[in-house]
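Structural features, examined
Read off the chains here:
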Amino acid sequence: MRRSLRLAAAATALGLTITACGSPAPEVSADGGGLGTAESPVSIRVIANDAFAKQWQDQLVPEFNKKYPNIKVSVDGVPYNDQLPKTMLELTGPTATYDVVLGDDPWVPQLAKTGGLMDLKADVTKWTDPGYDWADFNPSPLAAGEWDGKQYAVPVRSNLLLMLYNKTLYKKAGVKEPTAETTWEQYFKDAEKLVQDTDGDGKTDAWAIGTYFTKDPLTPTIWQTILNSNGVALLDDNLKVAFDNETGVKALQTHVDLLKYAPPGASTYQFNEPLEAFRQGRTATMFMWGSVYKGSAVDKASTTLTPEEVGVTTLPAGSAGPGAHRGVWSAGVAKKSQHPAAAWTWLQWVTSKEGEKFTGSAFGTFPARNSSLDGTPPAEWAAPVYKALKDGYTVVDKNKMWRPRLPESDAVQQILALQTSRAMSGQATAEQAIDQAAKDVTELLKSKGYQQ
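Here we summarise the structure given alongside this text. (Residues numbered from 1 in each chain as written. Predicted model: local features only at pLDDT ≥ 70, side-chain atom pairs only at ≥ 80, totals over all residues. Heavy atoms only, no water.)

Structural notes on the overall build of the protein chain
Under the convention used in this document: Think of it this way: any DSSP run of H or I at least four residues long counts as a helix, any run of E at least two long counts as a strand, and we number them from the N terminus. Radius of gyration: over C-alpha atoms. The globule rule applied is 2.2 Å multiplied by the number of residues raised to the 0.38 power. Between buried and exposed lies partly exposed: a residue is buried under 20% and exposed over 50% of the maximum accessible area for its type, with that area taken using a 1.4 Å probe on protein chains only. Between two residues, a contact is recorded if the distance between any of their heavy atoms is within 4.5 Å. Computed with the Shrake-Rupley method and a 1.4 Å probe, the accessible areas treat only the protein chains shown as cover for residues. In this tally Asp and Glu are treated as negative and Lys and Arg as positive; neither His nor the chain ends contributes. Every charge is mapped to an atom, namely NZ of Lys, CZ of Arg, CG of Asp or CD of Glu.
A count of helices and strands for the protein chain gives 17 helices and 15 strands. The C-alpha atoms of the protein chain give 23 Å as radius of gyration, which agrees with the globular expectation for 452 residues (22 Å, within 12%). Once the C-alpha set of the protein chain is aligned to its principal axes, its extents read approximately 75 × 55 × 35 Å. Within the protein chain, buried positions represent 55% of all 452 residues. Summarising the internal contacts of the protein chain: among those between residues at least 6 apart in sequence, 73% fall at separations of at least 24. Put simply, the protein chain shows about 19000 Å² of open surface, and 50% of that area lies on carbon and sulfur atoms. Taking the average location of the 45 positive side-chain charges in the protein chain and that of its 51 negative ones, the two points are 3 Å from each other.

Here you go:
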């Protein structure tokens, strides 16, 4: 009886009625924001990154439709570099093409500033399931969807920069496996041995590291992590440059020095190249978004390695502790959506305990909820990954390891990408690159009224 009452309460909050057999029968509200009936189903559209949009359409949507068969969801994939401008146009346009929009970690303030997103803790409460446990979210990934005191988005694909390592190559080199306590000094000592000839033919065939090196908006996240692990922020509390100092120069030089222990041609590495090198057993470590673990250690179609061979931990430690960097995809509901209840129902389910369990098992994606992190992992291989993720969340919160939380974050990152690439290619010293980046970021922020 109590369970029936709870179901009834949840259904009422979502604008549903419960049929005699106990299954929800969605109804359309007068304002067009309802969930749809068998006679008049509701269709919503989601704009997502093309790296995972097809997965969602082919697997996630059918799973959702088992519970909500009358909400028809179309997921459109967009290339990463096109997604922010397209979403900005969408949120500032006169009508809504998309009901749910996604934003990478640094984009949320910019998207929220358009005024085109609903406040998920205020605007959609009448459609919020009482069982949707906000307190269960780990504060680190949840904060990626916050801006100016409001919750504009919720985490749909949590991620962190982590260090994946090849246990076999460490063993062949006679080097102890890295841990969260491994310092940068120790890492470089180990790197010398990890550049090795593994088959005895007199030729080097394995190297120490693969990661981002070339000009790319994500390349600066590596040196930013090094910077943060030494207790220095990118910007201070007054939004003034805080990296234009000896620590900032040393952090960038550390990133540049990694090239000495990387495969030939690594200066052109972006996302795919270090993945391929690691999965083929050519690099002992990889600084990369942890969500690639399953494809690097489990999926036989994409890797030569096995879960027993691949370890995962935080990046090497600086003076303030280990390194990590937050990279959370968050999703929100467009204010102009004609079907906000359906859109929010979709988003609630994807980010619910049930939804996280499915995506963790099907895609290997990381959870944002503490109950998922502390519960039974969806697969045996996920247990050490979840531990590293929890450690990383703690580190991220402690040392504020994320890109700038302001609407101009993407512009800042473009400046840093340019100057990072100059240092990587030898066109500038680390000191010259840091100095120019500081000047350009300061000029940008002044032009936006942040500094007088």
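Brief notes about unusual backbone geometry
At Asp-148, a residue that is not glycine, the phi angle is positive and equals roughly 55°. Owing to a relative accessible area of 66%, Asp-148 belongs among the exposed residues under this scheme. Unlike most non-glycine residues, Leu-239 shows phi in positive territory, near 60°. You can see Leu-239 is positioned in the loop between α8 (220-229) and α9 (246-257).

Observations concerning the sheet that holds strand β3 (residues 42-49)
Where we set the bar: Two strands qualify as a pair provided that DSSP identifies no fewer than 2 bridges between them. Geometry is summarised by axes, namely lines fitted to C-alpha atoms with helices restricted to the contacting stretch, and by angles between N-to-C directions that run from 0 to 180 degrees.
In spatial order, the strands read β4-β3-β5-β15-β8; together these five strands make up an open sheet with mixed pairing. The strands lining the two open edges of the sheet, one partner per strand, are β4 (71-78) and β8 (154-157). Strand after strand, the sheet turns through a mean of 30° between neighbouring axes, direction not considered. Where β3 meets β4, eight bridges bridge the pair, whose relative direction is parallel.

Quick look at the pattern of salt bridges
Keep this limit in mind: By convention in these notes, a salt bridge is any Lys or Arg side-chain nitrogen within 4 Å of a carboxyl oxygen on Asp or Glu.
With the rule as written, the count across this model stands at 13 salt bridges. For the salt bridge of Lys-54 with Asp-58, the shortest nitrogen-to-oxygen distance reads 2.5 Å. You can see Lys-54 and its partner Asp-58 sitting in helix α2 (residues 53-67), four residues apart, about one turn around the helix. On the basis of relative accessible area, Lys-54 is assigned to the exposed category, the value being 59%. As a salt-bridge pair, Lys-439 and Asp-435 come within 3.3 Å of each other at their nearest N and O atoms. Highlighted residues: Lys-439 and Asp-435, both in helix α17 (residues 430-447), separated by four residues, approximately one helical turn. One salt-bridge network, held together by shared partners, links Asp-105, Arg-326 and Arg-405.

Looking at the sheet that holds strand β9 (residues 161-166)
Read from one edge to the other, the open sheet built from four strands follows the order β10-β11-β9-β12, with strand pairing classed as mixed. For this open sheet the edge positions go to β10 (207-210) and β12 (310-313), each flanked by a neighbour on one side alone. Between one strand axis and the next, the sheet turns through 20° on average, direction left out of account. Relative to strand β11 (residues 283-289), β9 is paired through five bridges, and the arrangement is antiparallel.

Looking at the pairing of strand β15 (residues 329-333)
Where burial is concerned, most of β15 is hidden: five out of the five residues are buried. Burial along β15 is two-sided: the residues Trp-329, Ala-331 and Val-333 and Ser-330 and Gly-332 are all buried. Here four bridges tie strand β5 (residues 100-103) to β15, and the two strands are oriented antiparallel to one another. Among the inter-strand pairings, Leu-102 is bridged to a residue of β15, identified as Ala-331. With three bridges joining them, β8 and β15 adopt antiparallel strand pairing. Paired with Val-154 across the strands is Ala-331, a residue of β15.

Details of the nonpolar core
Put simply, the rule is: Residues belong to a common nonpolar core when they are buried Ala, Val, Leu, Ile, Met, Phe, Trp, Tyr or Cys residues joined through side-chain atoms within 4.5 Å.
Ranked by size, the top nonpolar core spans 80 residues in total, and within it Trp-223, Phe-243 and Phe-287 carry the most contacts. The residues touching Phe-287, leaving out its near neighbours within four places in the chain, are Leu-162, Met-163, Trp-184, Tyr-187, Ile-209, Gly-210, Thr-211, Ile-222, Leu-258, Leu-315 and Pro-316. Val-42, Ala-112, Val-333 and Trp-346 belong to the second largest nonpolar core, which has 53 residues in total.

As for the packing of α9 against α17
This is how the line gets drawn: Here roughly perpendicular refers to angles of 65 to 115 degrees, roughly parallel to angles under 35, roughly antiparallel to angles over 145, and oblique to all remaining angles. Put simply, a crossing is left-handed when the front helix is turned counterclockwise from the back one by less than a right angle, and right-handed when it is turned clockwise. Under this grouping Gly is polar, as are all residues other than the nonpolar Ala, Val, Leu, Ile, Met, Phe, Trp, Tyr, Cys and Pro and the charged Asp, Glu, Lys and Arg.
Packing of α9 against α17 brings their axes to within 9 Å, and their N-to-C directions diverge by 120°. Relative to α17, α9 is oriented oblique. The chirality of how α9 crosses α17 is right-handed. Between α9, through Gly-248, Val-249, Leu-252 and Gln-253, and α17, the contact on the second element is made entirely by Ala-430, Glu-431, Ala-433 and Ile-434. A class-by-class count of the residues in the contact of α9 with α17 yields five nonpolar, two polar and one charged.

Re the packing of aromatic side chains
Short version of the rule: Centre distance within 6.5 Å is the pairing criterion for rings of Phe, Tyr and Trp, where only the six-membered ring of Trp is used; planes under 30 degrees apart are then read as stacked, over 60 as edge-to-face, and the remainder as tilted. Placement of a positive charge over a ring is assigned whenever Lys NZ or Arg CZ falls within 6 Å of the ring centre and within 35 degrees of the normal to the ring plane.
Summed over all chains, the structure comprises 24 aromatic pairs. An aromatic cluster is defined as three or more aromatic residues linked by ring pairs; in this entry it consists of Phe-52, Trp-56, Phe-64, Tyr-68, Tyr-80, Trp-107, Trp-329, Trp-346 and Trp-349. A cation over an aromatic ring shows up here: Arg-369 above the ring of Tyr-132, its NZ or CZ 5.1 Å from the ring centre. Above the face of the Phe-137 ring, Arg-369 is positioned so that its terminal group lies 4.0 Å from the ring centre.

Thoughts on helix α13 (residues 353-363)
Along α13, the residues classified as buried are Gly-355, Glu-356, Phe-358, Thr-359, Gly-360 and Phe-363. Contacts made by the buried residues of α13 are with α2, α11 (293-297), α12 (340-350), α14 (370-374) and α15 (382-399). Positive phi shows up at Gly-364, right after α13, with a value of about 75°.

Quick word on the side chain of Ser-409
Threshold: Any N or O atom pair separated by 3.5 Å or less is treated as a polar contact, with the protein-specific requirement of one donor-capable and one acceptor-capable atom, and with residues adjacent in sequence counted only for side-chain atom pairs.
Along the chain, Ser-409 falls in helix α16 (residues 409-425). For Ser-409, a relative accessible area of 0% gives the class buried. A distance of 3.0 Å separates a polar atom in the side chain of Ser-409 from the backbone oxygen of Pro-404. With residues up to four places along the chain from it excluded, the contact list for Ser-409 reads Pro-106, Arg-403 and Pro-404.

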